[in-house]
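What the coordinates show
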Amino acid sequence: MTWSVFPTVFAVSAGLWSVAVAGVYLARLKPRAEIMSHLFFWAGMAVLTVFILGLWGSLDRPPMRTLGETRLWYGFFMPLIGYLTWRRWQLNWVLAYSILMAIVFLGINVLNPDVHDRALMPALQSIWFVPHVIVYIFAYALLAVSAIVAVKALYEGRSGRFRMKTLTLADNMVYIGFAFLTLGLIFGAIWGKEAWGHYWNWDPKEVWALLTWIVYLAYIHIRAHRSELVRPAMWTLALAFIVLLVCWFGVNYLPSAQDSIHTY
Amino acid sequence: MQQMEPVTSNGIRIRNTSRKPVWVSPWGYPEAFLIAAALLLVGFALEWFSPGDGLSAPSWPWNGVIGAMLLLIPLALHLSLPKNPVVRWLSQVPASMGAIAAVTFTVLLMGLFLQGQPSGIGWIDRIGLTSMAKSRPFLLSISWFLFVLAMTTIRRSIPFRGRNIGFLLNHLGLWIVIAGGILGSGDLQRVSMTLSDGQAVWYGTDRDGRTVELPLALELQRFHMEEYPPKMGVLNHETGSLVIRGEQDLVEVERGRTGHMSGWDYEILQFYAESARIEDRFEPIHDVGAAPAANVRAVHTERGDTVVGWITCGSFNMKHQFLELEKGRAMAMTVPQSKRYMSLARLYTQSGDNRMIDIEVNHPYSAEGWKLYQFSYDDRFGKWSPISIIEAVRDPWLPVVYTGFIMMLLGAVYLFWLGKEIGTELTQKADGVNGSPHAQDSPGASDRESGSTETAGRSAVIKQETEVS
Ligand code: HEM
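The rules behind these values
Residues numbered from 1 in each chain as written. Chains lettered and ligands numbered in written order. Predicted model: local features only at pLDDT ≥ 70, side-chain atom pairs only at ≥ 80, totals over all residues. Heavy atoms only, no water. Helix = DSSP H or I, 4+ residues; strand = E, 2+ residues; numbered from the N terminus. Buried < 20%, exposed > 50% of the residue type's maximum accessible area, 1.4 Å probe, protein only. Contact = heavy atoms within 4.5 Å. Areas by Shrake-Rupley, 256 points an atom, 1.4 Å probe, with all protein chains shown as cover. Patch = residues over 30% accessible without salt bridge, like charges linked within 9 Å, V, L, I, M, F, W, Y side chains within 5 Å. Salt bridge = Lys/Arg side-chain N within 4 Å of Asp/Glu carboxyl O. Axes fitted to C-alpha atoms, helices over the stretch in contact; angles between N-to-C directions. Left-handed = near helix turned anticlockwise from the far one by under 90°. Nonpolar A, V, L, I, M, F, W, Y, C, P; charged D, E, K, R; others polar. Phe/Tyr/Trp six-rings, centres within 6.5 Å; stacked < 30°, edge-to-face > 60°. Pairing = 2+ DSSP bridges. Donors = N, O, S within 2.8 Å, 3.2 Å for Na, K, Ca; no water. Tetrahedral: all angles 85-135°; square planar, octahedral: opposite > 155°, others 65-115°. Core = buried A, V, L, I, M, F, W, Y, C linked by side-chain atoms within 4.5 Å. pLDDT = per-residue confidence, 0-100. Expected span 1.5 Å × (residues − 1).

Attention now moves to the overall build of chain B. Each helix and strand counted, chain B has 10 helices and 17 strands in total. Of all 469 residues assigned to chain B, the portion counted as buried reaches 47%. Long-range pairs, those at least 24 residues apart, make up 59% of the contacts in chain B between residues at least 6 apart in sequence. On chain B, roughly 23300 Å² of surface is accessible, and the fraction owed to carbon and sulfur atoms is 59%.

See the structure below:
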C-alpha cells in the first residue's frame, strides 16, 4: 500500500469518525446512538491501521521518517486518546476536538504530500528509532489535548463557570504526557549514544525538546505547590504547547538550527 | 478582571491584603526569581569581563570532589539547620521554580542562537550567547538548580519512606543525570581515527587537533557500503538548474519498470548497479569507480516520438549522462543514497588481543574502555572511499548517567501509573472539598510534607499568601 491510496483512506476514516462524533451528541437524545459511535470509531481506526501497516510493509521501513509520516501517527493517536478520554471522563467535546485535529493533520497529508518515500539513512536504522518516535508522538497528541483543556478552563474561569473536572483532566493528561516525554528524551539519549557517540550534543532539536520538557515540569510543580493558583497554571499549560509546536515544526526555521542532525 | 476561583467554601479564598515585603521570612516566589535573575546577571557580567574559550569541567579527581561537595553541602545544611526558614525554603517549590526559570532562560538562548560559531557581532559573542553550554551564566544557573534539587531530594529522603520512592526516582535520578553528565564531560574523550587500507593506527585526534595515544590499534581491511537503488526523474536543464521538481516525481530505478512521467511513457530496459561505460554502452563490472547505469526507452504520450539511451549518475571517475528527451528536458539519474556502511578492520589491543571486527553505524564496538564508532568516510568517493573515519569515545561516567536514566524511566512509569491519583488528590485540595487545615493532614498530603513537623503551619502560610489573580 502506498500514499496513492491515502486520499481514499482519509475520506473513509474521516467519514466514519465524523459519524461517531455525531452519534455521541445524538446519544443525548437517544442513548442507543452511543453504540453506533463505538462501532464507527473503531471502523475508522481499523481503516487507518491497515493503511499504516500496509505502508510500513511497502516502504520496507517504519514510516516515521518524514514530517508527513509523523503527522500520520499523530492522526492515529489523537483519536485514540480522545476516545479513551471520552470513555473515562464522559467529555464529548474531547472526542470531537481530537477527531477534528486528526482530520486536520491527516488532511494536510492529502493536500501536501511531503511524504515521498525517502530511504532510511543508516543513523536512523536503530532499534531505538521506533520507540523514540512513537512515544514522542503519543505525548504530543496527549499534550495537545491538555492545551485545549487549559484554554477551556481559562474560558470557564472567565465566564464564571469553572468546573473542577476540567482541571483534573488537565492534570492527568500532563502527568501521562510528561511521563511519555521523559521516555522519549531518554530513549533519544540512549540512541544518540549508540549512533553518534554521545547521549547529549546540544543539537537544536534536543535543546527544544528539553525546553518543552521543562515547561511541563514547571506546570506540574506550580500545580503541586499551590493548587489554588489555577490561572497561572493554565497559562503555563497553554504556553507549553506553543513551545512544543516550535520543537516539532518550528526548529527547522530558527537560526540556531543551521546544522541540526534531525530531519523532522 | 474576572477571577478564576476553584475554591468555593473555605478560607483559602481570603485575599491577602497585607503583602509581605520581599526578603522577609517566609520567602516565596519573589525571592526565588530575584535570586535567579541576580545569578544570571552576575553570570553575564563575568562572561563580559573575562572572555575566553568558555568553561569546561575539570577532570578526575577534581570533578569527583566537586560532585561530592554538591551532595555534602546540601546535606550538611539540611542536618545542621533543619528549622531555618531559608533552608526550608530552599527545598520548596518557589525556590525550584526560580532555578528552573533561570535554567530555562539559558537553554532558551541556546535554542535561539546558533551555537558553536561566533556570530561576528561583538557583544553577542562576548556575553556567551553563541556558546551558552560553556558560559558562566549557564554554569551558575545549573549549579543553583542542582543545589535546590539536592535540598528538595534530601528533605524528602530523610527519614526514608517507601511512599516517597516515586519522588526519589524522579528527583534523585534527574540530579544524577545532570550532575553526572556535566562533571563527566571533564573525563569524556572523543577522538577521530582516520584509517586507510593496511595501516595500523593507534592514535586519534581530538577536536582541538591534539594527538591522543590509544590503548588499541585499528587496521582497515575494507570499507564497505550498501546503497539504495538510484532514482530517476525528468530534469529541466534549460533553467540551468539540475533540480528535479519534487522528490515525489522520482521513481526507483529497477529493470522492467514502466510508467509515465512529465508527458512521456518510459520503460527501463536494463539496469546495472555497478557498471562502466564502454564506447556508447554500459557493461556490468565490479571495480573501483563503477557506477549504476540504466537503459531507458521513452515515448512521448501524444506525439509518439521515441528516444532510447543510457543514463547514469556517474561516480568520481565517470561523468554523469542524461537522456535528452526534447529541448531543455532530459531523463536523469540521482546519486544513490547509502543504506549502510561499515569498516572491516583488524583490532589490536595492549592486552594482546588481535581479531577482526566490523564497526557499523549504530553498532559501535567496545574495547579497552573505548567505544569505536563508524563516523565518516571520504564522500567524494562514496562507496569507493579509500579511507574510513572512526570515532573513539571514552566516557567513564556513563554508568553514572545511565543509572540516573534508569531511575527516571522507573520514575516516569510511576508518574504514568499514579497520574490519576495524584491529580485527584491535588484537585480535592484545590476544590476545597477538605480545604480546612486538616486537608494537609490527610495521608497523601502529610506524606508530601514528610520530614516536616509543621504541616498545619504550612497551610496557614498558604492561606496568608493566597492571591488568586
Ligand atoms: C524528572 C523530573 C521531575 C518530576 C517528574 C517531578 C515530579 C514531581 C511531582 C509529581 C511532585 C509533587 C508530588 C509529590 O510531592 O510527590 C514534585 C514535587 C516537587 N518537586 Fe519535582 N519533579 C521533577 C523535577 C524537579 C526539579 C528539577 C526540581 C527542582 C529544581 C523539583 C522540585 C520539587 C519540589 C520542591 C517539590 C515539592 C516537594 C515537597 O513539597 O515535598 N522537581 N515533583
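Residues and elements named next belong to chain B. The grouping of W48, F49, I121 and W123 at the surface amounts to a nonpolar patch, some 480 Å² of accessible area in total. Locating I121 in the fold gives a position in the loop between α4 (93–112) and α5 (122–126). A relative accessible area of 43% places I121 in the partly exposed class.

Inspection of the secondary structure assignment puts A:E156 in helix α5 (residues 129–158). A relative accessible area of 6% places A:E156 in the buried class.

Residues and elements named next belong to chain B. Direction vectors running N to C along helix α6 (residues 136–157) and helix α7 (residues 165–184) enclose 150°, while the axes themselves pass 10 Å from each other. Like other packed secondary-structure pairs, α6 and α7 cross with a definite hand, here left-handed. Note on element contacts: α7 touches α6 through F167, L168, H171, L172, L174, W175, I178, A179 and I182, opposite I142, F145, L146, L149, A150, T152, T153, R156 and S157. For the contact of α6 with α7, a count of residues per class yields 13 nonpolar, four polar and one charged.

For the structure shown, the criterion picks out 39 aromatic pairs over all chains. Each ring, one from A:F138 and one from A:F180, has its centre 4.6 Å from the other, and the planes form 50°; the classification is tilted. Here A:F138, found in helix α5, pairs with A:F180, found in helix α6 (residues 164–196); they are 42 residues apart in sequence, far enough to count as distant. A:F180 shares its class with A:F138; the two are buried. When the centroid spacing of 6.1 Å and the interplanar angle of 85° are considered together, the rings of A:Y199 and B:F405 count as edge-to-face. Residue A:Y199 is located in the loop between α6 and α7 (204–225), and its partner B:F405 is located in helix α8 (residues 398–431); the two belong to separate chains. Each member of the pair A:Y199 and B:F405 is classed as buried. Linked through ring pairs, A:W56, A:W73, A:F76, A:F77, A:F138 and A:F180 together constitute an aromatic cluster.

Take the pairing of strand β10 (residues 306–312) of chain B next. As a general feature of sheets, a regular strand has side chains that alternate between the two faces. Residues and elements named next belong to chain B. Where strand β9 (residues 291–300) lies against β10, seven bridges are found, and the strand directions are antiparallel. The residue bridging A294 from the neighbouring strand is I311, located in β10. From the end of β9 to the start of β10, which pair antiparallel, there are five residues, and G304 there has a positive phi angle of about 80°.

On to the coordination of the iron atom of the ligand. Ligation of the iron atom of the ligand by protein atoms is provided by A:H221 (NE2) and B:H171 (NE2), these donors lying 1.8 to 1.9 Å from the ion. For the iron atom of the ligand, the six donor atoms are set out with angles of 84 to 180° between them, so the coordination reads as octahedral. Of this pair, A:H221 sits in helix α7 while B:H171 sits in helix α7, which puts the two residues in different chains. As far as burial versus exposure is concerned, A:H221 and B:H171 are alike and both buried.

This part takes up the nonpolar core. Residue and element names in this part refer to chain A. Of all hydrophobic cores here, the largest spans 148 residues; its most connected members are Y74, W213 and Y216. Among the elements that line this core, the one with the most residues is α6, at 19 residues. When sequence neighbours within four positions are dropped, the list of residues in contact with Y74 reads P79, M101, F105, I137, Y140, A141, A144, F241 and W248.

Our next topic: the confidence of the model for chain A. When the pLDDT values of chain A are averaged, the result is 85; 92% of them are 70 or greater. When the elements of chain A are averaged for pLDDT, helix α3 (residues 67–89) of chain A gives the smallest value, 83, and helix α1 (residues 6–26) of chain A the largest, 94.

Attention now moves to α1(A). At 3.6 residues per turn, the α-helix brings residues three or four places apart onto the same side. Between its terminal C-alpha atoms α1(A) stretches 30 Å, which fits the 30 Å expected from 21 residues at 1.5 Å a residue. Residues A:F6, A:V9, A:F10, A:S13, A:A14, A:L16, A:W17, A:A20, A:V21, A:G23 and A:V24 constitute the buried set of α1(A).

Residue and element names in this part refer to chain B. A complete count under the given rule lists 20 salt bridges over all chains for this structure. Between E254 and R257 there is a salt bridge, with its nearest N and O atoms 3.5 Å apart. Taking the relative accessible area as the measure of exposure, E254 reaches 42% and is therefore partly exposed. R355 is the partner of D353 in a salt bridge, and the nearest nitrogen-oxygen pair spans 2.1 Å.

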